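Fold and contact review
This is what each chain is made of:
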There are 2 protein chains.
Amino acid sequence: MVFGVWIQQVNEMLEQKNPRSKYRLKRQSLPEALADSLRERILNGEFKEGEPLVQEAIAAEYECSRMPVREAFRQLEAAGLIVSKIHKGAVVTTLPSEQIMELFELRAMLECDILTYALSRMTDHHLDISEQILEQLEDAYHKRDIAKVGALNWEFHRSLYVPADRIQTLALIQGINVQTDRYIRLQLLLTSAFEEAEQDHRQILNLCRSRDTKVVEFMRGHIIRAGHNLLDALNTRKMSGTAV
Amino acid sequence: MVFGVWIQQVNEMLEQKNPRSKYRLKRQSLPEALADSLRERILNGEFKEGEPLVQEAIAAEYECSRMPVREAFRQLEAAGLIVSKIHKGAVVTTLPSEQIMELFELRAMLECDILTYALSRMTDHHLDISEQILEQLEDAYHKRDIAKVGALNWEFHRSLYVPADRIQTLALIQGINVQTDRYIRLQLLLTSAFEEAEQDHRQILNLCRSRDTKVVEFMRGHIIRAGHNLLDALNTRKMSGTAV
DNA sequence: CGACACCCAACTGGATCCAATCTACATAAG
DNA sequence: CTTATGTAGATTGGATCCAGTTGGGTGTCG
């Protein structure tokens, strides 16, 4: 299970609720920082599917020894981003398309569930924050900043779920989103199908503002459609024989 | 997210489907073996909630250096069984009861979903395997072998879901089950409420044999009830002031 | 008597070194 | 010419060593 580390993050977020000290400095060990950086690079497609990750090369890049790299690899492996075989090294995970769709279906199920909880607990303050994120997201999208769009897309979804106060569910969803993000960012490169998602987001926020329970089913459609669009994009890419 | 490592396991299982070589020797590195062993010990309650895990002590126990221990810790942390703070070491995770119930609710949702997929694909062969596991489970239960009951309980559930061929979902469920197992085993020590679950299991298997879709809702009740029973047991224990 | 500073022991974090294993290429036998 | 085998380079796995941080205990000063 990939979500232990997210639980910790979520917990840290929630600790901020009672802001005994306003300033929290985030301290992370080198392996964690490395894992963050490598995760981002995988998500951005810098390391492509099936590409081997060599410990020594990474260590050299970050100017550290191989040890923290090894620990970071364990984290990424637990997150499902890489698989490592004994004495043969690590490679970036490759998912068959059925499993990609399965991930989107899982997201649909879990995110609809948590959204139901969240809807009745949302305050206007929550919604303002979501709107703020959405504006940043739209901005990033128009600037074609893929990495930022990927990150903010999740931030927006997440902001809608926080009021539910369902820590385990949120951690689980975050773990799945990390995986789907890879493909969403890939899709952003390939197609312009994200336009549609942009409009969905506005609609979702509006429905939330009026506390309309129809938003749950709309969200399900939003996620499932995103999955289908992605698979279409991947298939046409495969058809046209473009290299990864 | 905790489920990357499970995905690998599940994939290895499925690889056996095309048995190019009948004999597969499982080779795991020391960190993996350590993680397995430590996970089992945490699940069995040998390391209790909040108890610190000292790298050096573990390393001495297993007669190895601290390095594989550190990597094993990363895995356990990703699985949500321990949390480690920088320069302060690792402690066994403590979950508030709302989060425990949340885990059971997640299981209910995910396991019902996958069971729906599995039901239409089950063969008699699958069911025979499940029955076999169930018999072992009943046997272990009558012998009061807590660890074995915990493991076989999951094996039984799992065997019902395998036909669904939903790898990601199964991996996710497995990750959650690892966490709930801790408390299920604790409950086995405290109460005799598992009798009820035993009968449930027979009922579930019978409904599966007749491919009755009512089994899905029955499963939901089975899991949710297990969660409630567990919380009751935990509360009465807390009331009576018994130490962990 | 209490508060603050300092110091020391225990532990974790990271680097370097050595051993085990895999891959690829070359070489030899059929 | 094909296939099997042996060997060298590369890469991972594990152990040992050193540095940095934490927390508690002691001593000193107000």
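Reading the values: the criteria
- Residues numbered from 1 in each chain as written.
- Chains lettered and ligands numbered in written order.
- Predicted model: local features only at pLDDT ≥ 70, side-chain atom pairs only at ≥ 80, totals over all residues.
- Heavy atoms only, no water.
- Helix = DSSP H or I, 4+ residues; strand = E, 2+ residues; numbered from the N terminus.
- Buried < 20%, exposed > 50% of the residue type's maximum accessible area, 1.4 Å probe, protein only.
- Contact = heavy atoms within 4.5 Å.
- Least-squares fit on C-alpha atoms with pLDDT ≥ 70 in both.
- Near = heavy atom within 4 Å.
- Polar contact = N/O pair within 3.5 Å; in protein donor to acceptor, adjacent residues only side chain to side chain.
- Nonpolar A, V, L, I, M, F, W, Y, C, P; charged D, E, K, R; others polar.
- Salt bridge = Lys/Arg side-chain N within 4 Å of Asp/Glu carboxyl O.

All names here are of chain A. Looking at the secondary structure, you find S159 in helix α7 (residues 146–161). Taking relative accessible area as the criterion, S159 reaches 11% and is therefore assigned buried. Residues S159 and H126, 33 residues apart in the sequence, show an inter-C-alpha distance of 7.4 Å. When sequence neighbours within four positions are dropped, the list of residues in contact with S159 reads S130 and I133.

Attention now moves to the relation of the copies chain B and chain A. Superposing chain B onto chain A takes a rotation of 180 degrees plus a shift of 0.0 Å along the axis, which leaves an RMSD of 0.0 Å. The superposition operator between the copies reduces to a two-fold rotation axis. A shared binding surface is used by both copies, with 100% of the interface residues of chain B retained as interface residues in chain A.

So, on to the protein's contact with DNA strand C. Around DNA strand C, the surrounding shell holds 18 residues, and the nearest of these are A:L30, A:S65, A:M67, A:H87 and B:R27. The sugar-phosphate share of atoms of DNA strand C within 4 Å of the protein amounts to 67%. A:L30 places a main-chain nitrogen or oxygen 2.9 Å from a phosphate oxygen of DNA strand C. Here B:Q55 contributes a side-chain N or O atom positioned 3.2 Å from a phosphate oxygen of DNA strand C. If you list the elements that add at least two residues to the surface near DNA strand C, you get α2 (30–43) and α4 (66–78) of chain A together with α3 (55–62) and α4 (66–78) of chain B. When its residues are assigned to classes, the surface near DNA strand C shows 8 nonpolar, 5 polar and 5 charged.

Here the focus is the protein's contact with DNA strand D. The local shell around DNA strand D holds 18 residues, among which A:R27, B:L30, B:S65, B:M67 and B:K88 are the closest. When the atoms of DNA strand D within 4 Å of the protein are grouped by moiety, sugar and phosphate amount to 62% of the total. The contact in question runs from a base nitrogen of DNA strand D to an N or O atom on the side chain of A:R70, over 3.0 Å. In the model, a sugar or linking oxygen of DNA strand D is placed 3.1 Å from a nitrogen or oxygen of the A:H87 side chain. For the surface near DNA strand D, the secondary-structure elements that each account for two or more residues are α3 (55–62) and α4 of chain A together with α2 (30–43) and α4 of chain B. When its residues are assigned to classes, the surface near DNA strand D shows 8 nonpolar, 5 polar and 5 charged.

Bringing the pattern of salt bridges into the picture now. Evaluation of the coordinates by the stated rule reveals 42 salt bridges over all chains. Put simply, A:D36 and A:R39 hold a salt bridge, and the shortest N to O gap is 2.4 Å. Placement of both A:D36 and A:R39 in helix α2 is noted, with a separation of 3 residues, approximately one turn of the helix. Between B:D200 and B:R225 there is a salt bridge, and its shortest N-O distance comes to 3.3 Å. Of this pair, B:D200 sits in helix α9 (residues 194–209) while B:R225 sits in helix α10 (residues 214–240); the two residues are 25 residues apart in sequence, bridging distant segments of the chain. Exposure remark for B:D200: the relative accessible area of 8% places this residue in the buried category. The exposure class assigned to B:R225 is partly exposed, which follows from its relative accessible area of 31%. The network of salt bridges with shared partners includes A:D128, A:E131, A:E138, A:R202 and A:R209.

Nothing here speaks to function; it is all geometry.
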